[in-house]
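Overview (structure and organization)
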Amino acid sequence: MIINMLEGASEQHTRNVIESVRSAGYQPHVIYGTERTIVAALGSGGNGVQLEAIESAPGVESVIAIAHPFKLASRQLKPERTVVNVGGVPVGGEEIVVIAGPCSVESREQLLATARAVKAAGAQLLRGGAYKPRTSPYDFQGLGEEALHLLSEAREETGLPIVTEVLSTEDVDMIAEHADLLQVGARNMQNFALLRRLARMNRPILLKRGPSATVKEWLLAAEYLLVGGNPNVILCERGIKTFETETRNTLDLAAIALTKELSHLPVIADPSHGTGRRSLISAVSKAAIAVGADGLIVEVHPCPERALSDGPQSLDLAGFAAMMRHLSGPPRAIAGSAVTFRTQ
Ligand code: PEP
Ligand code: MN
């Protein structure tokens with residue numbers, strides 16, 4: 001339930017509503033908007049008290065049911081968009097934010113060369129995997145703690161805030177000492193122990209969509225972070241499993257538009273994992289922005305043929321610079337009309 005307070009409601013009115021919500025067996029969650037306060041009643045109540053009766057309490061304008069199972073993530077509760085601050089870079093605001101860097105941190109030279117090049121080309125955040133979720137246990141698993149130190153060094157030199165994946169609850173504290181944005185990988189989207197732990201961290205979270213998760217399941221995973229106390233969540237569409245085998249995954253463009261409609265959280269797209277092919281990254285990035293993505297996360301490597309992970313879907317340094325130049329694309333006329341089509 002959402003309890004909308006009147007614009008002129010006093011603090012005491014809000015406190016009384018919070019108390020009524022609590023005594024009805026719900027968990028109150030207060031959102032102080034620019035114009036009005038909203039009190040959300042979360043949970044299933046349980047002691048038979050009908051919350052609708054609060055409508056007649058002083059200071060209350062209306063009581064409405066939240067239509068979706070994800071409550072705090074829903075736009076019904078918070079119509080204004082959330083802007084997440086990642087080490088000083090706003091994600092979800094007016095500007096598109098590009099995150100770029102190698103799939104895995106492999107060496108000091110590889111990381112620093114990539115960091116310098118992506119910064120020069122316009123990336124605002126640096127990605128780099130230290131702990132890698134690999135399908136085969138025989139594949140490169142990441143440099144671990146050594147990679148975290150290299151990422152910190154790259155941030156010191158370039159000023160780019162760092163994004164890296166957290167695979168397990170044990171590593172959370174150590175990774176948070178180095179990273180500005182903690183990535184929950186697609187395979188861990190429903191690792192509820194990890195989500196609960198990350199909910200208590202004072203660091204923003206990049207929550208990737210699971211390869212076979214529905215939009216509802218994805219938003220419910222985000223809900224674990226929000227209800228656990230972390231409001232700084234960025235969603236990332238990285239492609240889902242379909243019958244198609246020519247691309248590694250199917251980047252679900254409609255899910256980006258839908259998620260922006262259903263939720264106030266920022267949504268970014270990962271065209272590298274979403275396609276598995278470097279030749280498609282530029283085109284799919286434009287499409288993602290056209291449907292409303294707030295940013296991109298792109299894999300870049302100085303020498304993709306020699307990459308220890310995800311080379312075929314990584315751009316080289318010049319390829320990334322070219323992609324950045326071509327992101328907006330020339331406007332095209334719509335046949336039979338004076339209107340032109342623009343991706344931005
Ligand atoms: C990655 O970003 O390198 C990664 C492993 O992504 P995902 O979890 O989307 O597969
Ligand atoms: Mn990768």
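Structural notes, computed from the coordinates. None of the values given here were measured: they were computed from a predicted structure.

1. Re the overall build of the protein chain
Counting its regular elements, the protein chain contains 10 helices and 16 strands. The C-alpha atoms of the protein chain give a radius of gyration of 22 Å, which matches the 20 Å a tight globule of 344 residues would have. Taken along its principal axes, the extent of the C-alpha atoms in the protein chain is 65 × 60 × 40 Å. The buried share of the protein chain, taken over its 344 residues, is 52%. Expressed as a percentage of contacts within the protein chain between residues at least 6 apart in sequence, the contacts between residues at least 24 apart total 66%. About 15,500 Å² of surface is accessible on the protein chain, with carbon and sulfur atoms providing 52% of the total. For the protein chain, the centre of its 33 positive side-chain charges and the centre of its 37 negative side-chain charges are spaced 3 Å apart.

2. Let's talk about the site of ligand 1
Around ligand 1, the surrounding shell holds 13 residues, and the nearest of these are Arg-127, Lys-132, Ala-186, Lys-208 and Arg-238. Here an oxygen atom of ligand 1 and a side-chain polar atom of Gln-183 are 3.0 Å apart. Arg-238 is positioned such that a nitrogen or oxygen atom in its side chain is 2.6 Å from an oxygen atom of ligand 1. In isolation ligand 1 offers 300 Å² of accessible surface; the protein chains occlude 98% of this area. Tallied by class, residues from the shell around ligand 1 come to three nonpolar, three polar and seven charged.

3. Considerations on the environment of Thr-247
Structurally, the position occupied by Thr-247 is in the loop between strand S12 (233-237) and helix H7 (253-262). Along the chain, Thr-247 and Glu-153 lie 94 residues apart, while their C-alpha atoms are 35 Å from each other. Not counting chain neighbours up to four residues away, the residues in contact with Thr-247 comprise Thr-275 and Leu-280. From its side chain, Thr-247 meets the backbone oxygen of Asn-249 in a polar contact 3.1 Å long.

4. Some thoughts on helix H5 (residues 192-199)
Leu-194, Leu-195, Arg-197, Leu-198 and Ala-199 are the residues of H5 that are buried. Here the buried face of H5 lies against helix H4 (172-178), strand S10 (181-184), strand S11 (205-208) and helix H6 (215-227).

5. Details of a nonpolar patch on the surface
A contiguous nonpolar patch, built from Ile-334, Val-339 and Phe-341 and spanning about 270 Å² of accessible area, is present on the exposed surface. Take Ile-334: it is sitting in the loop between strand S15 (332-333) and strand S16 (340-341). With a relative accessible area of 38%, Ile-334 lands in the partly exposed category.

6. Considerations on the coordination of the manganese ion (ligand 2)
Here the manganese ion (ligand 2) is held by Cys-103 (SG), His-273 (NE2), Glu-299 (OE) and Asp-310 (OD), and the distances to it run 2.0 to 2.4 Å. Positions of the donor residues of the manganese ion (ligand 2), expressed as sequence spacing, correspond to C-x169-H-x25-E-x10-D. Remark: His-273 occurs in helix H8 (residues 271-275) and Cys-103 occurs in the loop between strand S7 (97-101) and helix H2 (108-121); sequence separation between them is 170 residues. Residue Cys-103 shares its accessibility class with His-273, and that shared class is buried.

7. Describing the pattern of salt bridges
Evaluation of the coordinates by the stated rule reveals 15 salt bridges. In this structure, the salt-bridge partner of Glu-11 is Arg-15, at a minimum N-O distance of 3.7 Å. With Glu-11 and Arg-15 both in helix H1 (residues 11-23), this residue pair falls four residues apart, about one helical turn. On the accessibility criterion, Arg-15 (46% relative accessible area) is partly exposed. With a shortest N-O distance of 2.6 Å, Arg-155 and Asp-180 are connected by a salt bridge. Here the residue Arg-155 occupies a position in helix H3 (residues 145-158), and Asp-180 occupies one in the loop between H4 and S10, the gap between them amounting to 25 residues.

Calculation criteria
Residues numbered from 1 in each chain as written. Chains lettered and ligands numbered in written order. Predicted model: local features only at pLDDT ≥ 70, side-chain atom pairs only at ≥ 80, totals over all residues. Heavy atoms only, no water. Helix = DSSP H or I, 4+ residues; strand = E, 2+ residues; numbered from the N terminus. Rg over C-alpha atoms; globule rule 2.2 N^0.38 Å. Buried < 20%, exposed > 50% of the residue type's maximum accessible area, 1.4 Å probe, protein only. Contact = heavy atoms within 4.5 Å. Areas by Shrake-Rupley, 256 points an atom, 1.4 Å probe, with all protein chains shown as cover. Lys, Arg positive; Asp, Glu negative; His and termini not counted. Charge placed at Lys NZ, Arg CZ, Asp CG, Glu CD. Near = heavy atom within 4 Å. Polar contact = N/O pair within 3.5 Å; in protein donor to acceptor, adjacent residues only side chain to side chain. Nonpolar A, V, L, I, M, F, W, Y, C, P; charged D, E, K, R; others polar. Patch = residues over 30% accessible without salt bridge, like charges linked within 9 Å, V, L, I, M, F, W, Y side chains within 5 Å. Salt bridge = Lys/Arg side-chain N within 4 Å of Asp/Glu carboxyl O. Donors = N, O, S within 2.8 Å, 3.2 Å for Na, K, Ca; no water.

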